[in-house]
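Notes for the structure review
Each chain is listed here by its residues.
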Amino acid sequence: MAEHARHRPFSVRRIPGFTAIASLCFVLLYAPIITLVIYSFNDGESVALWEGFSWRWYESAWDNIQVQEATVRSLVIATLASGIATVVATMAAIGTTRTGAFPGRLAIYAIINQPLMVPEIVTAVALLIVFAMIKVATGYSGLAYLVAAHAAFCVPFAYLPIRARLEGMDLAYETAAADLYATPWRTFRHVTLPLMAPGIVAGAMLAFVVSLDDVVITEFVKSAGQDTLPTYMLGQLRRAVTPEVNAISTALLAVTVLLVSAFFVLSRQRR
Amino acid sequence: MQQQVSEGRVLIDSGKNSNDASLMIEAIGVSKIFGSGDSMITALDAVSIGIREGEFFTLLGPSGCGKTTLLRMIAGFEHPSSGAILLDGSDISELPPYKRPVNTVFQSYALFPHLTVAQNIAFGLQMLDRPKAEIAETVDRMLSMVKMEAMKDRLTSQISGGQQQRVALARALAPQPKVLLLDEPLSALDLKLRKEMQIELKRLQHETGITFVFVTHDQEEALTMSDRIAVMSEGHVLQVGSPHDIYERPANRFVAGFIGETNTLTAEVMSSTTDRISLRLGEGLELDAELPSGMTPKERVTLVVRPEHLRLSFGTTGSSLPGTVSNVVYLGTDTHYHVRLDSGDELVARVQNSSASDLQFGIGEAVAVAFEPSTVRVLRD
C-alpha cells in the first residue's frame, strides 16, 4: 500500500485534516439553512422547539395578504430591474470587448462594477437623500424609485457573465459575417447576439436573484406600504417570530436554487 | 520579361503590363504601417502586383512577410496606409468588407457554431437578400459540389476538421464572389487530407472559374496548385511568375533558397556581353551562362543550380568540379549525394534511382560534379 501511494501524484486531498476541515466548512455553511428549512415544517409556534410535521406555516404564508402583496411587488421589481440592468449590461459588455483598446478602459470597468465595491449602506443613504429631493420636486412616490435603485446595483451582476461570454467568443465570427455581406447591424443581429445569448440569459438570472434578495437599499428607498418580501420578513422579525418566516425563506431559497442552477447549466453550455 | 528596380530590390513580373484589362485585382504601391513611433512596423512596403481574372494566384512567403496583410486588405479587413487596391478596375481601398464581392476561407474556418452546415452556406446569400428559392437551390448545389449533402443538418461542431474545411469553402463560394481568398486554409489538416484538399481546391477553381488568391508558407503547396506565385519577404514582393519560372529562374538568392532545395556557388566573371556571361569556377570549370537582362555583373556573381541538374561521375573529367562524397541519403525514388568540393563548398546532387543506372557512390569516394550551363541561374546578389 505504502509503495503504491508513493507513485501517486500529489493531491491536496491527502493533506492530514483536509477532509475534516472541508466537512466542518460545509456543516457551518449549511447547518443553519437546513435548520431553517426543517423548522418551516414545525407544527408548533416556535422556531426552536419541534412539535411535529405540518404544512400549516406554508398555508398561513400563502393566505397572508401582506405576504402576497410583498411577493408580487418583489417579482415586479426584480423583473423590471433585471430587464433594464441586462440591456444596459449587454451594451456595456459589447462596448468594452468589441472595440479596440482605448484609454480609460480600466476606469470604465471600475465604474461599471462600482456597486460591487461601494458599501451598500452608502449607496442606500445616497439614494434616500436624492430620491427624497426628487419626491419633493415631483410629488411622485411610486415603485419607480425601487426599480431604478435595483436596476443600478444589478448592472455589474448582469455585466460579468455577459462580458465573460463575449471575451470567450472569437472575433473571427464577426469578421466572417462582415466578409459574407452582413452590415454591422445584421452581424450583431445574426451572429453576435445569438452567440452571446447564453451569457445574457445567465446575467439576467443573476440580476433577478440579486434584486429579489435585496434588503439594505430597499429598506432605505421604499415608501410606506412598499414592502418587498425580504423587507416584510425583516419587519416580522421585530415582532413575534413564527415559522411562517421560515416557510417564506424556504420558498425563496427554492426559487433561488432553481435560478442559480439554471444559470450554471446555461453558462456551461456550448463552450 | 519586364523588370523593375525599386529600392534596390528586383521585381520581375513575367505577366502583362499593369493596365491590362484582364486584371481582376491590382495592388498599386500598397503600403501598410502598423503602430507609430518606435513600435512602428511596416508590414507592406509599396507592393504592386496584378492578379489576372480566373487564375489561381498564390502569395508565398515565410511568416511575417506581409502576405496575410495583403490578403486582409483585398478582403477589406485592413485598409492601406498608402496606395490603392483595384477590383475589376475600380478602387475598393476604402470599401468595408460587406460591400466587396470578395469572400474568404479563414485559417480557423470561423464557421458559425449556432448554425447548421446548410445555414452556414446560406448565410452570405441571405445577407444579400436573395430570394428564398434561389438560396435553397444554391445551397443544394454547393452541398453536392463539396460532397456534404449528408451532413447538411449537422451543427458545425459535429463534423470533422476536413468536413469543416469543405463547408467553409462552400460558404465562401455560394455568393459567387469575383475573388475567393484563402488564408492558409490547409494548415490545420493532416498530410493525407491536405493532399486531397489541394486537388479538391484545384478542381473547384476549375469548375467555378473564380479567381483564387491563396496564401501559404508551404512552397510545395504553392508549386503544385498555382498558376502564378508571388514570393514575398519582409513586406516586399521579390518575384512574380509561374511555378516553373520561380523554380527554374529564381530572381535572387532568397527566392532560390525558399523554393525547393538549391545549391549556390560563387563564380569569377571573365567576360560578359549584354545577354551572356563567361564564368570560371575554381580551377577546373569554365562555362558560358545566360545573363539576366538589365544586370551589370561585378567581379564575382552567385550561381544557383538545382540538385537534380548536377551530374556525378567517378574520378575527374574535363569540365567538372572535383570533390568527395560526404553523405548519402536514400529517398526511395532518388538518392541525395552530399559532395564536399575541393574548393570547400558543399553541394547536394539528386540522382534518380532506376534499374538502368547502377551508378553508386560511397562515402569518401572522389567524384566529379558537372552540369549543363543552361541549368545554371546567375544572380546579382
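Just so you know, these numbers come straight off a predicted model, no measurement behind them.

What counts as what
Along each chain, residue indices are assigned from 1 in the same order as the chain's sequence is written. Written order determines the labels here, with chains lettered from A and ligands numbered from 1. Given that the model is predicted, a residue must reach a pLDDT of at least 70 before its local features are reported, and side-chain atom pairs must reach 80 or more before they are shown or counted; all residues, however, enter totals for whole chains, interfaces and linings. Excluding hydrogens and water, the side-chain figures rest on all heavy atoms present in the structure. Strand pairing follows a simple DSSP-based rule, namely that at least 2 bridges must link the two strands. Numbered from the N terminus, helices here are DSSP runs of H or I no shorter than four residues, and strands are runs of E no shorter than two. All axes here are fitted lines through C-alpha atoms, helices being fitted over the stretch that makes contact, and every angle between N-to-C directions spans 0 to 180 degrees. Only rings of Phe, Tyr and Trp enter the pairing, Trp through its six-membered ring, and a pair is recorded when the two centres are within 6.5 Å. The plane angle decides the type: under 30 degrees is stacked, over 60 is edge-to-face, the rest tilted. Think of it in three bands: with a 1.4 Å probe and only protein chains considered, a residue is buried below 20% of the maximum accessible area for its type, exposed above 50%, and partly exposed in between. Charge-over-ring placement is defined geometrically: NZ (Lys) or CZ (Arg) within 6 Å of the ring centre, and within 35 degrees of the ring normal. Any two residues whose heavy atoms approach within 4.5 Å at even a single point are treated as in contact. Summed over both partners, the accessible area (1.4 Å probe) lost when two parts come together is defined as the buried area. Counted as salt bridges are all cases of a side-chain nitrogen of Lys or Arg within 4 Å of a carboxyl oxygen of Asp or Glu. His is not counted here, nor are the chain ends, while Lys and Arg score as positive and Asp and Glu score as negative. Whenever two N or O atoms come within 3.5 Å, that pair is a polar contact, provided that in protein one can donate a hydrogen and the other can accept it, and provided that, for residues adjacent in sequence, both atoms are side-chain atoms. Any angle between 65 and 115 degrees counts as roughly perpendicular, while under 35 counts as roughly parallel, over 145 as roughly antiparallel, and the rest as oblique. If you view the pair so one helix is near and one far, a crossing is left-handed when the near helix is turned anticlockwise from the far one by less than a right angle, and right-handed when it is turned clockwise. Note on residue classes: Ala, Val, Leu, Ile, Met, Phe, Trp, Tyr, Cys and Pro are nonpolar, Asp, Glu, Lys and Arg are charged, and everything else, Gly too, is polar. Domain start and end points were adopted from an automatic or database domain assignment.

Considering the sheet that holds strand E20 (residues 346–352) of chain B
Residue and element names in this part refer to chain B.
- Pairing within the open sheet is antiparallel, and its five strands lie in the order E17-E21-E18-E19-E20. A single partner strand is all that each edge strand has here, and the edge strands are strand E17 (311–314) and E20. If you compare each strand with its neighbour and ignore which way they point, the axes differ by 45° on average.
- Of the pairings in the sheet, the one linking E17 to strand E21 (residues 366–370) comprises four bridges and is antiparallel in character. Residue pairing for E21: Phe-314 is matched across the bridge by Val-367.

Quick word on the packing of aromatic side chains
- Overall, the coordinates contain 16 aromatic pairs over all chains when judged by the stated rule.
- Ring geometry for Phe-254 of chain B versus Phe-258 of chain B: centroids 5.6 Å apart, planes at 10°, classification stacked. Note that Phe-254 of chain B and Phe-258 of chain B are positioned in helix H8 (residues 253–258) at a spacing of four residues, about one turn of the helix.
- Residue Phe-254 of chain B is classed as partly exposed on the basis of its relative accessible area, which comes to 30%.
- A connected cluster of aromatic rings, assembled from ring pairs, spans Phe-41, Phe-53, Trp-55 and Tyr-58 of chain A.
- Across the ring face of Tyr-145 of chain A, the terminal group of Lys-135 of chain A is positioned such that the distance to the ring centre comes to 5.2 Å.

Here we look at the interface of chain A and chain B
- In this complex, chain A contributes 18 residues to the contact, which on the side of chain B involves 25 residues.
- Summing both partners gives a buried area of about 1900 Å² for chain A against chain B, and 69% of it is carried by carbon and sulfur.
- Applying the counting rule to chain A against chain B returns one salt bridge.
- One salt bridge in this structure joins Asp-129 of chain B and Arg-186 of chain A, with 3.1 Å as the shortest N-O distance.
- Every element with two or more residues in the side of chain A that touches chain B is listed here: helix H9 (172–179) and helix H10 (184–213) of chain A.
- The leading source of residues in the side of chain A that touches chain B is H9 of chain A, at seven residues.

Section: the environment of Leu-115 of chain B
- Relative to the assigned elements, Leu-115 of chain B resides in the loop between strand E8 (102–105) and helix H2 (117–127).
- For the pair Leu-115 of chain B and Arg-130 of chain B, spaced 15 residues apart in the sequence, the C-alpha separation amounts to 19 Å.

Re the side chain of Lys-32 of chain B
Residue and element names in this part refer to chain B.
- Residue position: Lys-32 is located in strand E3 (residues 23–34).
- One buried charged residue, Lys-32, forms no salt bridge at all, with the nearest opposite charge on Glu-78 at 4.0 Å.
- A polar contact of 2.7 Å, which involves the side chain of Lys-32, links it to the backbone oxygen of His-79.
- Those residues within four positions of Lys-32 in sequence are excluded, and the remaining contacts are Ile-41, Thr-42, Ala-43, Leu-44, Thr-69, Met-73, Glu-78, His-79 and Ser-81.

Thoughts on the packing of H2 of chain B against helix H3 (residues 132–145) of chain B
Residues and elements named next belong to chain B.
- Taken N-terminus to C-terminus, the directions of H2 and H3 make an angle of 130°; their axes are 9 Å apart at the nearest point. The angle between H2 and H3 places the two elements in the oblique class. Handedness of the H2/H3 crossing: right-handed. Note on element contacts: H3 touches H2 through Ile-135, Thr-138, Val-139, Met-142 and Leu-143, opposite Val-117, Ala-118, Ile-121, Ala-122, Leu-125 and Gln-126.
- Per-class residue counts for the contact of H2 with H3 are nine nonpolar, two polar and no charged.

Concerning the sheet that holds strand E16 (residues 300–305) of chain B
All names here are of chain B.
- The sheet built from five strands is open, its strands ordered E15-E14-E13-E16-E22 with antiparallel pairing. Pairing within the sheet leaves two strands with one partner each, and these edge strands are strand E15 (285–290) and strand E22 (377–379). For this sheet the average axis-to-axis angle between neighbouring strands, irrespective of direction, equals 45°.
- Looking at chain direction, strand E13 (residues 263–272) and E16 are connected through six bridges and run antiparallel. Bridge assignment links Thr-264 to a residue of E16, and that residue is Val-304.

Things to note about the domain arrangement of chain A
Residue and element names in this part refer to chain A.
- When the domains of chain A are assigned, the result is domain 1 (11–39) and domain 2 (59–267).
- Computed from C-alpha atoms alone, the centre-to-centre distance between domain 1 and domain 2 is 30 Å.
- Taken over both partners, the interface formed by domain 1 and domain 2 buries close to 380 Å², and the fraction arising from carbon and sulfur atoms is 69%.
- The largest share of the area that domain 1 buries against domain 2 comes from Leu-36, Val-37 and Tyr-39, three residues that together contribute 87% of it.
- Run the count over domain 1 and domain 2 and you get zero salt bridges.
- For the interface between domain 1 and domain 2, the tally reads one residue pair in polar contact (both at pLDDT 80 or more).
- The residue inventory of the side of domain 1 that touches domain 2, partitioned by class, reads four nonpolar, no polar and no charged.

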